[in-house]
4 protein chains.
Amino acid sequence: MNVLIYNEFRHEQDPGCAAGKIYPEGIHSAIAGFLRKEPDISVRTVTLDTVAEGITEEILKETDVLIWWGHMNHADVPDRVAELVQEAVLNGMGAVFLHSAHKSKPFMRLMGTSCSLIWRESDDLERVWVSAPYHPIAAGLDRFFEIPADETYGEPFGIPTPDETVLIGWFTGGEVFRSGCTWQRGWGKVFYFQPGHETYPIYYDPNVQTVIRNAVRWAKPERRTENCMDCPNPPKAHTGMSTV
Amino acid sequence: MNVLIYNEFRHEQDPGCAAGKIYPEGIHSAIAGFLRKEPDISVRTVTLDTVAEGITEEILKETDVLIWWGHMNHADVPDRVAELVQEAVLNGMGAVFLHSAHKSKPFMRLMGTSCSLIWRESDDLERVWVSAPYHPIAAGLDRFFEIPADETYGEPFGIPTPDETVLIGWFTGGEVFRSGCTWQRGWGKVFYFQPGHETYPIYYDPNVQTVIRNAVRWAKPERRTENCMDCPNPPKAHTGMSTV
Amino acid sequence: MNVLIYNEFRHEQDPGCAAGKIYPEGIHSAIAGFLRKEPDISVRTVTLDTVAEGITEEILKETDVLIWWGHMNHADVPDRVAELVQEAVLNGMGAVFLHSAHKSKPFMRLMGTSCSLIWRESDDLERVWVSAPYHPIAAGLDRFFEIPADETYGEPFGIPTPDETVLIGWFTGGEVFRSGCTWQRGWGKVFYFQPGHETYPIYYDPNVQTVIRNAVRWAKPERRTENCMDCPNPPKAHTGMSTV
Amino acid sequence: MNVLIYNEFRHEQDPGCAAGKIYPEGIHSAIAGFLRKEPDISVRTVTLDTVAEGITEEILKETDVLIWWGHMNHADVPDRVAELVQEAVLNGMGAVFLHSAHKSKPFMRLMGTSCSLIWRESDDLERVWVSAPYHPIAAGLDRFFEIPADETYGEPFGIPTPDETVLIGWFTGGEVFRSGCTWQRGWGKVFYFQPGHETYPIYYDPNVQTVIRNAVRWAKPERRTENCMDCPNPPKAHTGMSTV
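Residues numbered from 1 in each chain as written. Chains lettered and ligands numbered in written order. Predicted model: local features only at pLDDT ≥ 70, side-chain atom pairs only at ≥ 80, totals over all residues. Heavy atoms only, no water.

(A) Structural context of the interface of chain D and chain C. Contacts between chain D and chain C engage 31 residues on the former and 31 residues on the latter. Remark: the boundary between chain D and chain C carries 0 salt bridges. Along the contact surface separating chain D from chain C lie 18 residue pairs in polar contact (both at pLDDT 80 or more). At the level of secondary structure, the elements contributing two or more residues to the side of chain D that touches chain C comprise α5 (79-90), α6 (105-111) and β5 (118-130) of chain D. (Contact = heavy atoms within 4.5 Å. Salt bridge = Lys/Arg side-chain N within 4 Å of Asp/Glu carboxyl O. Polar contact = N/O pair within 3.5 Å; in protein donor to acceptor, adjacent residues only side chain to side chain. Helix = DSSP H or I, 4+ residues; strand = E, 2+ residues; numbered from the N terminus.)

And the structure:
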């Protein structure tokens, strides 16, 4: 299967930000690193600097699952790119949105809601609980796992009611958050996963990697379509006629 | 309560279209006509020609429920208007989308999906069944009601799984359609109601009027918010502190 | 509206249990106490000792909302009573299940699942967050409220995906729990509310009372039916016939 | 994978009923017939006459998916068998309920609702539309398929809102019905499929077989649990401790 990882890649290149020491080659490279260990997963990456060339209709048609990390530069992603990503999902491509991607253009398009939340930066420990242990995304996880430090996200999370809430986060500062949520959108599957502030080595965490790997396999489409945006006008169905 | 009805009002003014004879003052006037009979409902209308002035942030703040009918000119609704409508719903305003409004900009923004369907114009009789008889939108309806002639809509309907499917349509030509669907979007309630092709007197039908009247009352917000798009950054919650 | 409160009323009468000091007249009396302050709410109570006489088909027909608190003696509730409660909900009666009622016979019948959870008794402070601030059950609540001490409940909670998760609990010991959940079951509305261990004065808490009062108003049926268990056999629908 | 088919097998053995000619070895044998053509599917069958011996806790632990067809003798299925089936599903076993099994004990236990519907026996043609074409259960189907004659089922269908409505039926007599519905119940997946009146050769239909085959593969658990009914009491979670 083909995975495409989009990462903003601005924080990591900012000398004043700790992200560059933690992810010297970018968050996308860290994620690609562990996904490429899977014999059946092939990974491409693209960053904001070349997003218009790196995310096209043709590339998305070749992509089984798109992973998206963005934070301060959502507005710089061209509307056309966001539209292509949304249509690709509606046609079957899977999508995994990480952390601050809750306010990315493609995620907001697919949700239709504010995608707002409350937040706090203060090195809180996060405990991620599995609320849907039967879900494929939870395979290989214990009852909970811990992330020693992460940015705190809190409710209310301005999302449509998820199809399933797989993970719920607990933060030492007192907040809770629906940290792992799934939605079906057209032919495509969407997963939002909350952990991942850029100044912590979260994407090296084995449990976080397990969730992302599970999510990619879960979101991979078995069947796809094209032209989901069309409204066909077939003739009247009549007895004996069982197809277009 | 304040209701605002947006209607494209192009078909009715086209001499070559039957809609003008059926709705001489426009679909919006027909709908306003029966809603104004309710002592507690106040109705304003706006059409495509003046939509930028007729749908503003201030006007939407004063609106409890927006009803939307559009067909061939969805693209002419300014993106800014669609964005304001979406935000108003996320802040609490109710919205009722009728018939071909499934492809309107605001409805598509709130759904995040293709909102596609199959269709056929051929005077089919439609039988609208009540699949959720307990739902407030179904109050006063029998097990089903008939619409002597309507444009046929058919599945698959490219919507996110509705919170509730209140009505399902049966067409003589053999199609079925989820004709009455509800969704919660942020603080606002959304209802899609399929009947209403412009060349039939459907909005004069008592059962259709009952559904729209029920939907308006159901969608009216009890409480609203502002600034749903913001991501607040409150300090850490501590014992004894129960508020922002 | 008529509210009926069922409370097991065993802990409170056990001299070795602190519940008797906190609720000298029983948890049911404490809840009835604040509900009766509402001019439009009339309250009856019944306990396990007289449940077969106190919960009958006729009494349930007169009841708008049933509140249920039970813990160690779920098995002593007659199956017939549980069946009558389930049918009454399916016919429109609202139901609010509190705390350990997650393993009550009626709740388990309505859910169809294990209704299991993890638990811990250790005076944890609980912070109850509002994840659906727009919901009627959340009216009058801040972003969160605190309960100084409660029994800890934790995920995974063996429930069908709620229609809405209104409240999520945070416990000092590190657990999270979907503490306020709604479901539609037939014509009736069901709300589960997690706080309420018998050895703490939780039902005197103003925020807890607000939630229960809101839940009762939300669950009150606007319309009811009878005989929801029947499968009618009406003749074929034909054009022009719009009613049974 | 192991499939177990329960069929009442009374109609087929009744000389006065046409079912015996259509299914001389029973509906269960007809379904087993096409499933056994799959190299990876192993099928066992059990009928009402030996249901207490044929459906035990051990047998269900060995079963990946249970298929259930019952009609007039739901009451003769022992409550204990229904309870074991429900628990097996909650622990991960998949379940496919066919036609009149909507009123079977296990299905009603898993739903918690009336599972009522309206019905009519009159040789109506049924057109089954695919409302969720992306769903695995819809693989290999056209936009719709036809069943030349079936018993008519109609709305309202007294089920909890399905997780997904995959198929919607259209009947010549004017009814509609949510003919293919999915639910997650605990660790197990449940599918209800409406076609299948015993006096028609419906289970020989290629499209019907496709749906059942797809449903069996979809419902097969990837992971299972035991003891889902328990409420564990683990110690307080603390930093560094990530497992029970």
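Here the narrative resumes, following the displayed structure.
(B) Highlighting the sheet that holds strand β8 (residues 176-185) of chain D. Residue and element names in this part refer to chain D. Ordered by their spatial adjacency, 9 strands build an open sheet running β2-β1-β3-β4-β9-β8-β7-β5-β6, and the pairing between neighbours is mixed. The two strands at the open ends of the sheet, each matched to only one other strand, are β2 (42-47) and β6 (144-154). In this sheet, adjacent strand axes meet at a mean angle of 25° when their direction is disregarded. One ladder, built from 5 bridges, connects strand β7 (residues 164-171) with β8; its direction is antiparallel. Residue pairing for β8: glycine 169 is matched across the bridge by phenylalanine 177. (Pairing = 2+ DSSP bridges. Axes fitted to C-alpha atoms, helices over the stretch in contact; angles between N-to-C directions.)

(C) Molecular detail of the pairing of strand β8 (residues 176-185) of chain C. Residues and elements named next belong to chain C. With 10 of 10 residues buried, β8 lies mostly within the body of the structure. As paired elements, β8 and strand β9 (residues 188-193) share 6 bridges and run antiparallel to each other. Opposite glycine 180, over in β9, you have phenylalanine 193 as the bridge partner. (Buried < 20%, exposed > 50% of the residue type's maximum accessible area, 1.4 Å probe, protein only.)

(D) The relation of the copies chain D and chain C, seen in detail. Its rotation angle being 180°, the transformation that places chain D on chain C also includes 0.0 Å of axial translation and leaves an RMSD of 0.0 Å. Put plainly, the chains are arranged around a two-fold axis. The C-alpha atom lying nearest the rotation axis in chain D is that of Gly112(D); the distance is 2.6 Å. When you check the interface residues of chain D against chain C, 100% turn up at the interface there too, and the contact is symmetric in its surfaces. (Least-squares fit on C-alpha atoms with pLDDT ≥ 70 in both.)

(E) The interface of chain D and chain B, seen in detail. Chain D puts 22 residues into the contact, and the matching count from chain B is 22 residues. Counting each side, the surface lost to burial between chain D and chain B is near 1,700 Å², with a carbon and sulfur contribution of 65%. Of all residues in chain D, the largest losses of buried area upon contact with chain B belong to Trp129(D), Trp170(D) and Val176(D), amounting jointly to 29% of the total for that side. Connecting chain D to chain B are 0 salt bridges. Our count for the contact surface shared by chain D and chain B stands at 4 residue pairs in polar contact (both at pLDDT 80 or more). Every element with two or more residues in the side of chain D that touches chain B is listed here: β5, β7 and β8 of chain D. Residue contributions to the side of chain D that touches chain B peak at 5 residues, all from β7(D). Class assignment of the residues belonging to the side of chain D that touches chain B gives a composition of 9 nonpolar, 6 polar and 7 charged. (Buried area = accessible area lost by both parts, 1.4 Å probe. Nonpolar A, V, L, I, M, F, W, Y, C, P; charged D, E, K, R; others polar.)

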